[in-house]
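Structural description and commentary
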Amino acid sequence: MRRRRNQVTIAAVAFALGLLVVVQLRTQASGAAFAGLSSQDLTVLVANLNARNDQLRREVATLDRELTTIDSNRQRGDASIDELRADLQRVRLYAGSEAANGTGVLIMIRGPIDGSAIEDLVNELRNAGAEAMAVGGIRLVPGTVAIGAPGKVTLDGRTVADPVELDAIGPTEKLTGSLTRSGGLIAQLAATQPDVAVEVTPVDRLVVPATDRNLVPVNGHPRL
Amino acid sequence: MNPLGWISRVPSWQLTLFAALLGLGFLVAAQLASEGPRVRYTSQERSPLVDTATVLQAQQEQLKAQILDLRGRIGATEQADAGSAAVVRDLNAQLLAARIAAGLIPLSGSGIVIQLDDSLQPVAADANQSDYLVGARDVRTMVEELWSAGAEAIAVNDERITPSTSIIDIGPSILVNSAYLAPPYQITALGPKDLYGRLSASPGFVDLIRARAQTYGIRVSFAEPESVNLPAFAGTVTLRYAHPEPSPSAAPAAPSASAGG
């Protein structure tokens, strides 16, 4: 009888031990991917991943069509000049080598803003879907950075005078909402830099110039 | 007298039970420890969201691979026409330059790699724990400092920085090009051979090291390999709101107000 009771006790402990090993392994496996994200963070992440995947699917469809056209042109002996020109314009527009127009927001910044705060605004606008931007008439491309102390901002070595005009082409409502929402960047700026006033105006047609920077690296070569 | 002689007098089942309970205690402690500072959320409410995010992330990787494959095939097909008319050769050369400018072509060359990782220091009683973690602002500042020092192309982990890139916080991790990245963050920059010299001479870089590494223990390290490799941007370059603005020289001449009068 006593021997049987011991066996039952050992069996119960072994069961609990096995259960905990499984739970521990599952926790480590699933938690490792998104460690530290709360449910709210995960909801934001899922929304971002969904939006990005939709964009990627559209890009796959565009590239698929392009490849089909080029292939069929080649089979007919045509050179696909129209497709090459369209592709060139599409890529140059994205890169910032072509001037762009479209709907968007005009942001007037008055007062002694610093370079880092302008970069924060630009980052927020990009996250909200801005497609082409210019600060003080200078097109923003990789390598163009607003730097400097309050009231002494330069961009590509050129001084940006007060008031600073930031033009952003993109989804007007989303761009406006991202900046003006409660607790958003403009509210944060008002708290940290009270001398700076930021005004956001939706515009039907904005024009941003092409960059005058050389965007092809001289210290690297393509890895084709 | 053997000091451990008493063990031989203990029934073997009790020893087994003791060992099992010891293991049980260890596992309970491990389970609690794994829900430490960075993981403090119940798995019940997170589980479906983690599953969804995992599926979406896998889809994203698949779509990115598809895009890179399609771009490679389009490029190869276009280049196959390169032997034909001069206009096609010229367009192909322009297209390659435009794709390099847009970050659509992987690059190799001289440069540096900066790594940012969370602090290992204990959080001070009156401090905010997030100050001890690498945030989007740290990564953005480092990227901006690298551009200012003369970098010509930059990637954070496997995400290439392009004209549309945003870097934002998501909990204690970051999103770059809407891709989820967790620390350590490796920022690879292509640039002149003296890129690190220029970077370390920048007051902004010195301020960043002082404010984040020296104050909170954020771990900053760098490497100057023989050559750095930057991945291609595997995202969309098709703009929906921005359209090409006709250049003034290309526009047809407008008739003057007095013309035809």
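Description of the overall build of chain B
Per the secondary structure count, chain B includes seven helices and eleven strands. Intrachain contacts of chain B at a sequence separation of at least 6 include 77% that bridge at least 24 residues.

Observations regarding the sheet that holds strand β5 (residues 167-170) of chain B
All names here are of chain B. What the three strands build is an open sheet, ordered β5-β6-β7; its pairing is antiparallel. For this open sheet the edge positions go to β5 and β7 (179-181), each flanked by a neighbour on one side alone. Ignoring strand direction, the axes of neighbouring strands in this sheet form an average angle of 35 degrees. Here β5 pairs with strand β6 (residues 173-176) via four bridges, running antiparallel. Note that in β6 the partner of Asp169 across the bridge is Ile174.

Considerations on the nonpolar core
One finds Met133 of chain A together with Val139 and Ile187 of chain B to be the most contacted residues of the largest nonpolar core, which totals 111 residues. Apart from the residues within four sequence positions on either side, Met133 of chain A is in contact with Val122, Leu125, Leu140, Leu166, Asp167, Ala168 and Val208 of chain A.

What about the confidence of the model for chain B?
Residue and element names in this part refer to chain B. Residue-level pLDDT values for chain B average 85, and 84% of them are 70 or greater. Contacts from residues 35-40, a stretch scored under 50 in pLDDT, to residues over four places away or in other chains number nine contacts. Note on residues 251-261: pLDDT is under 50 here. Beyond four places in sequence and across chains, it has two contacts. At the level of chain-chain contacts, confidence expressed as ipTM amounts to 0.83, with global pTM at 0.81.

A word on the sheet that holds strand β10 (residues 228-230) of chain B
The strand order β9(A)-β1(B)-β10(B) describes an open sheet built from three strands, whose pairing is antiparallel. The sheet is open, and its two edges are formed by β9 (220-222) of chain A together with β10 of chain B, each paired on a single side. Along the sheet, successive strands turn relative to each other by an average axial angle of 25 degrees, direction set aside.

Thoughts on unusual backbone geometry
Note the cis peptide between Asp162 of chain A and Pro163 of chain A, where omega equals 0 degrees. Counting through the fold element by element, Pro163 of chain A comes out in the loop between β6 (158-159) and β7 (164-169). One non-glycine residue with positive phi stands out, namely Asp156 of chain A, at about 55 degrees. Relative to the elements of secondary structure, Asp156 of chain A occurs in the loop between β5 (154-155) and β6. Look at Asp156 of chain A and you get partly exposed, because 19 C-beta atoms sit within 10 Å. Although it is not a glycine, Asn157 of chain B adopts a positive phi angle of roughly 50 degrees. Turning to its location among the elements, Asn157 of chain B is positioned in the loop between β3 (153-156) and β4 (159-160).

Concerning the interface of chain B and chain A
Listed per partner, the contact involves 95 residues of chain B and 94 residues of chain A. Elements that contribute at least two residues to the side of chain B that touches chain A include exactly α2 (12-34), α3 (43-80), α4 (86-102), β1 (107-109), α5 (136-149), β5, β6 and β11 (243-244) of chain B. Ranked by the residues each element gives to the side of chain B that touches chain A, the list is headed by α3 of chain B, at 22 residues. Here the side of chain B that touches chain A is composed, by residue class, of 49 nonpolar, 33 polar and 13 charged. Direction of pairing for β9 of chain A relative to β1 of chain B: antiparallel, over a ladder of three bridges. Following the sheet pairing, Gly220 of chain A is matched in β1 of chain B by Gly109 of chain B.

Describing the packing of helix α4 (residues 115-127) of chain A against helix α5 (residues 172-180) of chain A
Residues and elements named next belong to chain A. Packing of α4 against α5 leaves a shortest axis separation of 9 Å and a crossing angle of 135 degrees. One element, α4, and the other, α5, form an angle in the oblique class. At the point where α4 passes α5, the crossing takes the right-handed sense. Along the contact surface, α4 presents Glu124, Leu125 and Asn127, while α5 presents Leu175, Ser178 and Leu179. Residues of the contact of α4 with α5, tallied by class, amount to three nonpolar, two polar and one charged.

Regarding helix α7 (residues 203-216) of chain B
Each α-helix turn comprises 3.6 residues. Residues three or four places apart therefore point the same way. Residue and element names in this part refer to chain B. Its 14 residues place the ends of α7 19 Å apart at the C-alpha level, agreeing with the 20 Å of an ideal helix rising 1.5 Å per residue. The axis of α7 is deflected most strongly, by about 25 degrees, at Ile209. All of the buried residues along α7 are Phe205, Leu208 and Arg212. As for α7, its buried residues are in contact with α5 and α6 (195-200). In the segment just after α7, Gly217 is the residue with positive phi, at about 80 degrees.

What about the pairing of strand β1 (residues 100-110) of chain A?
In the sheet, β1 of chain A pairs with strand β8 (residues 197-208) of chain A via ten bridges, with the strands oriented antiparallel. Residue pairing in the sheet places Gly102 of chain A in a bridge with Leu206 of chain A of β8 of chain A. Bridge count between β1 of chain A and β11 of chain B: two bridges; the pairing is antiparallel. Residue pairing for β11 of chain B: Ala100 of chain A is matched across the bridge by Pro244 of chain B. Where β1 of chain A lies against β7 of chain A, six bridges are found, and the strand directions are antiparallel. Bridge pairing in β7 of chain A links Ile107 of chain A to Leu166 of chain A.

Reading the values: the criteria
- Residues numbered from 1 in each chain as written.
- Chains lettered and ligands numbered in written order.
- Predicted model: local features only at pLDDT ≥ 70, side-chain atom pairs only at ≥ 80, totals over all residues.
- Helix = DSSP H or I, 4+ residues; strand = E, 2+ residues; numbered from the N terminus.
- Contact = placed C-beta atoms within 7 Å.
- Pairing = 2+ DSSP bridges.
- Axes fitted to C-alpha atoms, helices over the stretch in contact; angles between N-to-C directions.
- Core = buried A, V, L, I, M, F, W, Y, C linked by C-beta atoms within 7 Å.
- Buried ≥ 20, exposed ≤ 12 C-beta atoms within 10 Å, placed from the backbone.
- pLDDT = per-residue confidence, 0-100.
- Nonpolar A, V, L, I, M, F, W, Y, C, P; charged D, E, K, R; others polar.
- Parallel < 35°, antiparallel > 145°, perpendicular 65-115°, else oblique.
- Left-handed = near helix turned anticlockwise from the far one by under 90°.
- Expected span 1.5 Å × (residues − 1).
- Bend = angle between axes of the 7 residues up to and from the residue.

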